[in-house]
Amino acid sequence: MRSSDTLLKLKVGVAGVGAIGRAVCRALLSDEGIEGLILHRISDLKGHGDMSIQNADFKTLARECDLIVECLPATQVPALADAAFEYGRPLTLISSAALLLYPDILEKQKGTGSRIYVPSGALAGLDGVKAMKEMGIERSLIASTKPPKGFEGAPYVVEKALDLAGITEKTLIFSGNALDASRAFPANVNVAATLSLAGIGPEKTRVEVWADPAAKGNTHEISVSTAFSTLNVRIENMPDPANPKSSVLAAQSIVTCLRDMSRAIVIG
Ligand SMILES: NC(=O)c1ccc[n+]([C@@H]2O[C@H](COP(=O)([O-])OP(=O)(O)OC[C@H]3O[C@@H](n4cnc5c(N)ncnc54)[C@H](O)[C@@H]3O)[C@@H](O)[C@H]2O)c1
């Protein structure tokens, strides 16, 4: 690569190099790469020296990079967002539940010039939901089904002392709105948070969480209706081998979001 090519590229900083962040880094570092972008820094508590990309704290990441990609636990998002806003950097944010859990993030964003991009994650059909919002959505529901093990450690499971190992058939373990679902299962229902942000908001978006011992992967079914259209989408994702709570598709939704930034034609 000529040094002039490098100079023309936007510098990307990836915060969180676990299952999802690592896949995004791989795409950026691959021979094909992502047009117009170059991986400049990572930020992870564990380092990941094998990637030969310098590890930095959030503030350094935001100061040195043109674009920040968030792949952290939701609890760490406010600190990263603060750093991104301080330098007016665009933030691609996969932990969408954080936007519901920490509404301050959107308050602090105001007037900073920073924009937040939320990829579709493990979900599909958001293009339709966004168009339907223009017509007035009457009803928006998401039902997520995972193997019981996928819910281990969730605040709701701990608080209610749910016996996940004792579940022998498909069981509804939670029903409520997207805000309460995000509090109950912050690492499992980013899809519900994203649907609510694309559609009729966290209070009106209904969420069902199912535990199914026969499930091999994570399934999300959305049903959204307006006076003129009804959308029913079902997506079945195999769990990410690097983190069973995540799906491989989530990382690739970030990659396509990054590719869209330089595509001559953007679909959806
Ligand atoms: N939107 C969606 O549809 C969707 C789908 C799957 C996962 N997610 C979310 O994406 C996020 C990442 O998921 P994952 O599977 O890669 O998680 P992961 O646990 O595999 O990786 C998280 C990484 O963040 C690092 N980290 C934690 N605290 C940090 C800090 N303060 N500073 C720097 N690094 C820190 C950890 O060391 C780890 O490497 C999670 O919040 C998850 O809930 C969203």
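Each remark here, short or long, concerns the structure printed above.
All of the points below concern the structure found in this document. Predicted, not measured: the structure shown is a model, and the values here were computed from it.

1. Focus on the site of the ligand
Phase 1: Taken together, 25 residues form the shell around the ligand, and within it Ile-20, Asp-44, Leu-72, Ser-95 and Ser-246 come nearest.
Phase 2: The separation between a nitrogen atom of the ligand and a polar main-chain atom of Leu-45 is 3.3 Å.
Phase 3: Residue Gln-76 places a side-chain N or O atom 2.9 Å away from a nitrogen atom belonging to the ligand.
Phase 4: Here the ligand, which alone exposes 870 Å², has 86% of that area covered by the protein.
Phase 5: Mapped by element, the contributors of at least two residues to the shell around the ligand are helix 2 (19-29), helix 10 (190-198) and strand 12 (243-247).
Phase 6: Among the residues forming the shell around the ligand, the class breakdown is 14 nonpolar, nine polar and two charged.
Phase 7: Counting residues domain by domain, the shell around the ligand receives three or more from each of domain 1 (3-118 + 250-260) and domain 2 (126-237).

2. Here we look at the packing of aromatic side chains
Phase 1: Inspection of the entire model under this criterion finds four aromatic pairs.
Phase 2: When the centroid spacing of 5.4 Å and the interplanar angle of 45° are considered together, the rings of Tyr-156 and Phe-185 count as tilted. A residue pair is termed long-range when its members are at least 10 positions apart, and Tyr-156 in helix 8 (residues 155-159) and Phe-185 in the loop between helix 9 (178-184) and helix 10 qualify at 29 residues. No difference in accessibility class separates Tyr-156 from Phe-185, as the two residues are buried.
Phase 3: On the numbers, 5.8 Å between centres and 80° between planes, the contact of Phe-174 with Phe-185 is edge-to-face. With a gap of 11 residues between them, Phe-174 in strand 7 (residues 171-177) and Phe-185 in the loop between helix 9 and helix 10 connect regions that are remote in the sequence. Phe-185 matches Phe-174 in its accessibility class, with the two residues each being buried.
Phase 4: Put simply, the rings of Phe-151, Tyr-156, Phe-174 and Phe-185 touch in pairs and so form one group of aromatic residues.
Phase 5: Note that Lys-170 overlies the ring of Trp-210, its terminal NZ or CZ placed 5.1 Å from the centroid.

About the criteria used
Residue positions are counted from 1 within each chain, in the order its sequence is given. Confidence filtering applies because this is a predicted model: local features only for residues at pLDDT of at least 70, side-chain atom pairs given and counted only at 80 or more, and all residues used for totals across whole chains, interfaces and linings. Computation of side-chain values covers all heavy atoms of the structure but excludes hydrogens and water. Residue proximity to a molecule or strand is established when one non-hydrogen atom of the residue lies within 4 Å of it. In the analysis that follows, any N or O atom pair within 3.5 Å is treated as a polar contact, provided that within protein one partner can donate a hydrogen and the other can accept it, and provided that, for residues neighboring in sequence, both atoms belong to side chains. The accessible surface values rely on the Shrake-Rupley method and a 1.4 Å probe; as for residues, cover is taken only from the protein chains in view. The helix count covers DSSP runs of H or I at least four residues long, the strand count covers runs of E at least two residues long, and both are numbered beginning at the N terminus. Asp, Glu, Lys and Arg are counted as charged, while Ala, Val, Leu, Ile, Met, Phe, Trp, Tyr, Cys and Pro are counted as nonpolar; the rest, among them Gly, fall into the polar class. A domain assignment, automatic or from a database, supplies the domain bounds used here. Only rings of Phe, Tyr and Trp enter the pairing, Trp through its six-membered ring, and a pair is recorded when the two centres are within 6.5 Å. The plane angle decides the type: under 30 degrees is stacked, over 60 is edge-to-face, the rest tilted. The classification of residues rests on relative accessible area computed with a 1.4 Å probe and restricted to protein chains. Under 20% of the type maximum is buried, over 50% is exposed, and intermediate values are partly exposed. Two thresholds decide whether a charge sits over a ring: the Lys NZ or Arg CZ must be within 6 Å of the ring centre and within 35 degrees of the ring normal.

Note that all results are geometric; they support no functional claim without further evidence.
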